[in-house]
Amino acid sequence: MSPFAKVALAGALAALPVAALAHHGWSSYVEDEPITLRGPLKDVVWGNPHGTAKMNWRGGEWDVILAPVSRMTARGLSLEEINNRQRIRLTGYVRRDGTPEMRVERIMIGDKTVELR
Amino acid sequence: MEGLLLAFNGWLDAIGLVDWARGSATVYPIANVLHVLGAIMLVGGIGVVDLRVIGLWRRLPLVPLSEALTPVAVAGLVLQALSGVILFAADGEALANSATFTAKLALLAIALGNAALFRWHWRGATGRDFYAPPPLARWSAMFSLSLWVAIATVGRLIAYY
């Protein structure tokens, strides 16, 4: 392997851990301890790569991570059901590192359950 | 299919891979990146050979090109299988219930079958006469390229449906 190729390969491998820092996929959340909350969502953003909202919980304001717009729509959720401070229930997981952020597994509105995973 | 995938997920859980894939903050992102790199090697590698068989770049000798790039594609496929199992382990129940994921696996089975058929059927064609492959080979190559591109597309869309 030429010296240039060695440097290029080393650089590529060194870049991999950076991906771990930027990522907030499911592995960043504590999955063995699902939490279920009741209440209204605030500041709902119906956007990509995934929807977001805010929710008051445990004395603080938490970032709530939803799903991509195409998935929320395909699974039967609509913006109008959650953006008017409707009282909903959600099951999710909190972030491992203590950041006040949770990722939602499912939302329950009345009798309806929408799986977001 | 869902039952089979759930059973596979159960086995992965029993050997500890589910906890490892889910519990580590770095394993899943790395598996994700490797899955992208594997797709590049696989689709890029076999894609160039397919395009040559179809008839692009006729000045390039087909057999040496295939001999150089097919191992890259196979290495990519192996990387996909290994990283794919980790990705699956982290989210097996949701994936087993995903029609998009099931469709990807079905396309994969067809693509592998097509590749095996092509390799077996043209196993004797190492000579000069394979510079200009016959229509059957070209259709097979077009089918192959379409399938691999479709697999990559459907795979990426799993998160979106």
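Here the structure is shown first, and the text comes after it.
So, here's what we can say about the structure. Please read all numbers here as calculations on a predicted model, not as lab measurements.

**Focus on the overall build of chain B**
Then step 1. From N to C terminus, chain B includes 7 helices and 0 strands.
Then step 2. When the helices and strands of chain B are placed in sequence order, the string is α-α-α-α-α-α-α.
Then step 3. Principal axes of the C-alpha set define a box for chain B whose edges measure 55 × 30 × 25 Å.
Then step 4. Scored against the burial criterion, the 161 residues of chain B give a buried share of 40%.
Then step 5. Look at the contacts in chain B between residues 6 or more apart in sequence, and 79% of them connect residues 24 or more apart.
Then step 6. Counting only carbon and sulfur atoms, one obtains 71% of the accessible surface of chain B, whose full area is about 8,800 Å².
Then step 7. Of the side-chain charges in chain B, 10 are positive and 8 negative, and the distance between the mean point of each set is 20 Å.

**Some remarks on the overall build of chain A**
Then step 1. Counting its secondary structure elements, chain A contains 2 helices and 7 strands.
Then step 2. Reading the secondary structure of chain A in the N-to-C direction produces α-β-β-β-β-α-β-β-β.
Then step 3. Relative to the 2.2 N^0.38 estimate, which gives 13 Å for 117 residues, the radius of gyration of chain A is 18 Å and therefore markedly larger than a compact globule would have.
Then step 4. For chain A, the residues scored as buried account for 43% of the 117 residues in total.
Then step 5. Nonlocal contacts in chain A, meaning residues at least 24 apart in sequence, comprise 54% of its contacts between residues at least 6 apart.

**Quick notes on the pattern of salt bridges**
Then step 1. All chains considered together, the criterion is met by 11 salt bridges over all chains.
Then step 2. Residue A:Arg117 is joined to A:Glu105 by a salt bridge in which the shortest nitrogen-to-oxygen separation is 3.4 Å. Here A:Arg117 is found in the segment after β7 (112–115), whereas its partner A:Glu105 is found in strand β6 (residues 101–109), with 12 residues between them in sequence.
Then step 3. Residue A:Glu105 is classed as buried on the basis of its relative accessible area of 12%.
Then step 4. In this structure, A:Glu115 engages A:Arg106 in a salt bridge whose closest nitrogen and oxygen atoms are separated by 2.9 Å.
Then step 5. We classify A:Glu115 as partly exposed; its relative accessible area is 33%.
Then step 6. In this structure, a network of salt bridges that share partners links the residues A:Glu31, A:Glu105, A:Arg106, A:Glu115, A:Arg117, B:Arg22 and B:Asp91.

**Quick word on the pairing of strand β2 (residues 42–45) of chain A**
Two faces belong to every sheet, and in a regular strand the side chains alternate between them.
Residues and elements named next belong to chain A.
Then step 1. Across 2 bridges, β2 lies against strand β3 (residues 52–57) in antiparallel orientation. Residue pairing across strands places Lys42 opposite Lys54, the latter belonging to β3.
Then step 2. Connecting β2 to the next strand, β3, in antiparallel fashion are 6 residues.

**Concerning the packing of helix α1 (residues 2–14) of chain B against helix α4 (residues 62–90) of chain B**
Residues and elements named next belong to chain B.
Then step 1. Interhelical geometry of α1 versus α4 gives an angle of 95° and a closest axis separation of 10 Å. Here α1 is positioned roughly perpendicular relative to α4, judged by the angle of their axes. Of the residues in α4, those in contact with Leu5, Phe8, Asn9 and Leu12 of α1 are Val85, Phe88 and Ala89.
Then step 2. For the contact of α1 with α4, the class distribution of residues is 6 nonpolar, 1 polar and no charged.

**As for a nonpolar patch on the surface**
Residues and elements named next belong to chain A.
Then step 1. A cluster of nonpolar residues, Met1, Leu9 and Leu13, forms a patch on the protein surface that exposes about 350 Å² of accessible area.
Then step 2. Here Leu13 shows up in helix α1 (residues 3–22).
Then step 3. The exposed category is assigned to Leu13, whose relative accessible area is 53%.

**As for the nonpolar core**
Residue and element names in this part refer to chain A.
Then step 1. Residues Leu41, Val64 and Leu90 are the most contacted members of the largest nonpolar core, which totals 24 residues.
Then step 2. Among the secondary structure elements, those contributing two or more residues to this core are β1 (35–39), β3, β4 (60–65), β5 (88–94) and β6.
Then step 3. Counting residues per element, this core draws most heavily on β6, which supplies 4 residues.
Then step 4. Ignoring anything within four residues of it in the chain, the contact list for Leu90 reads Ile35, Thr36, Leu37, Leu41, Met55, Val64, Met102, Val104, Arg106, Ile107 and Met108.

**Structural notes on helix α7 (residues 135–157) of chain B**
Residue and element names in this part refer to chain B.
Then step 1. If you check α7, its first and last C-alpha atoms are 33 Å apart, about what 23 residues at 1.5 Å a residue would give, namely 33 Å.
Then step 2. Inspection of α7 places Ala137, Ser140, Ala141, Ser144, Leu145, Leu147, Trp148, Ile151, Val154 and Gly155 among the buried residues, and these make up the whole buried set.
Then step 3. Looking at the buried positions of α7, the neighbouring elements they touch are α3 (27–54), α4 and α6 (99–121).

**Some thoughts on the interface of chain A and chain B**
Accessible area lost on assembly of the parts is the figure often given for the size of an interface.
Then step 1. Between chain A and chain B, the residue contacts involve 15 residues of the former and 17 residues of the latter.
Then step 2. Here chain A packs against chain B, burying approximately 1,400 Å² in sum over the two surfaces, 59% of which is carbon and sulfur.
Then step 3. Taken together, chain A and chain B are joined by 2 salt bridges.
Then step 4. B:Arg22 serves as the salt-bridge partner of A:Glu31, at 3.5 Å between the closest nitrogen and oxygen.
Then step 5. The interface formed by chain A and chain B holds 10 residue pairs in polar contact (both at pLDDT 80 or more) in total.
Then step 6. Mapped onto the side of chain A that touches chain B, the elements with two or more residues apiece are α1 and α2 (69–74) of chain A.
Then step 7. Split by residue class, the side of chain A that touches chain B holds 7 nonpolar, 3 polar and 5 charged.

Calculation criteria
- What you see as residue numbers is a count from 1 along each chain, following the sequence as written.
- Here the convention is simple: chains get letters from A, ligands get numbers from 1, in the order in which they are written.
- Two thresholds apply to this predicted model, a pLDDT of at least 70 for residue-level local features and 80 or more for giving and counting side-chain atom pairs, whereas whole-chain, interface and lining totals are computed over all residues.
- In computing side-chain properties, one takes all heavy atoms of the structure into account and sets aside hydrogens as well as water.
- Secondary structure elements are taken from DSSP: a helix is a run of H or I of four residues or more, a strand is a run of E of two residues or more, and numbering for both begins at the N terminus.
- Burial classes follow relative accessibility: with a 1.4 Å probe on protein chains only, a residue under 20% of its type's maximum area counts as buried, one over 50% as exposed, and anything between as partly exposed.
- We call two residues in contact when some of their heavy atoms are within 4.5 Å.
- For the area figures, the Shrake-Rupley method with a 1.4 Å probe applies, and any residue is considered shielded solely by the protein chains shown.
- Positive: Lys, Arg. Negative: Asp, Glu. His and the chain ends are not part of the count.
- By convention, charge coordinates are those of NZ in Lys, CZ in Arg, CG in Asp, or CD in Glu.
- With the radius of gyration taken over C-alpha atoms, the globule rule is written as 2.2 Å times the number of residues to the power 0.38.
- Whenever a carboxyl oxygen of Asp or Glu lies within 4 Å of a side-chain nitrogen of Lys or Arg, that contact is scored as a salt bridge.
- For two strands to count as paired, DSSP must find a minimum of two bridges between them.
- Helix axes are fitted to C-alpha atoms over the stretch in contact, other axes to C-alpha atoms as well, and angles between N-to-C directions run from 0 to 180 degrees.
- Every angle not falling under 35 degrees, over 145, or within 65 to 115 is termed oblique; those three ranges are roughly parallel, roughly antiparallel and roughly perpendicular.
- Residue classes follow a fixed rule: Ala, Val, Leu, Ile, Met, Phe, Trp, Tyr, Cys and Pro count as nonpolar, while Asp, Glu, Lys and Arg count as charged, and any other residue, Gly among them, counts as polar.
- Patches here are clusters of residues that have more than 30% relative accessible area and form no salt bridge, with a 9 Å joining cutoff for like charges and a 5 Å cutoff for nonpolar side chains (Val, Leu, Ile, Met, Phe, Trp, Tyr).
- Only buried Ala, Val, Leu, Ile, Met, Phe, Trp, Tyr and Cys residues count toward a nonpolar core, and they belong to the same one when joined by side-chain atoms within 4.5 Å.
- A helix is expected to span 1.5 Å for every residue after the first.
- A quick way to say it: buried area is the sum, across both parts, of accessible area lost when two parts are put together, with a 1.4 Å probe.
- We call two N or O atoms a polar contact when they sit within 3.5 Å, provided that within protein one can donate a hydrogen and the other can accept it, with sequence-adjacent residues counted only if both atoms are side-chain atoms.

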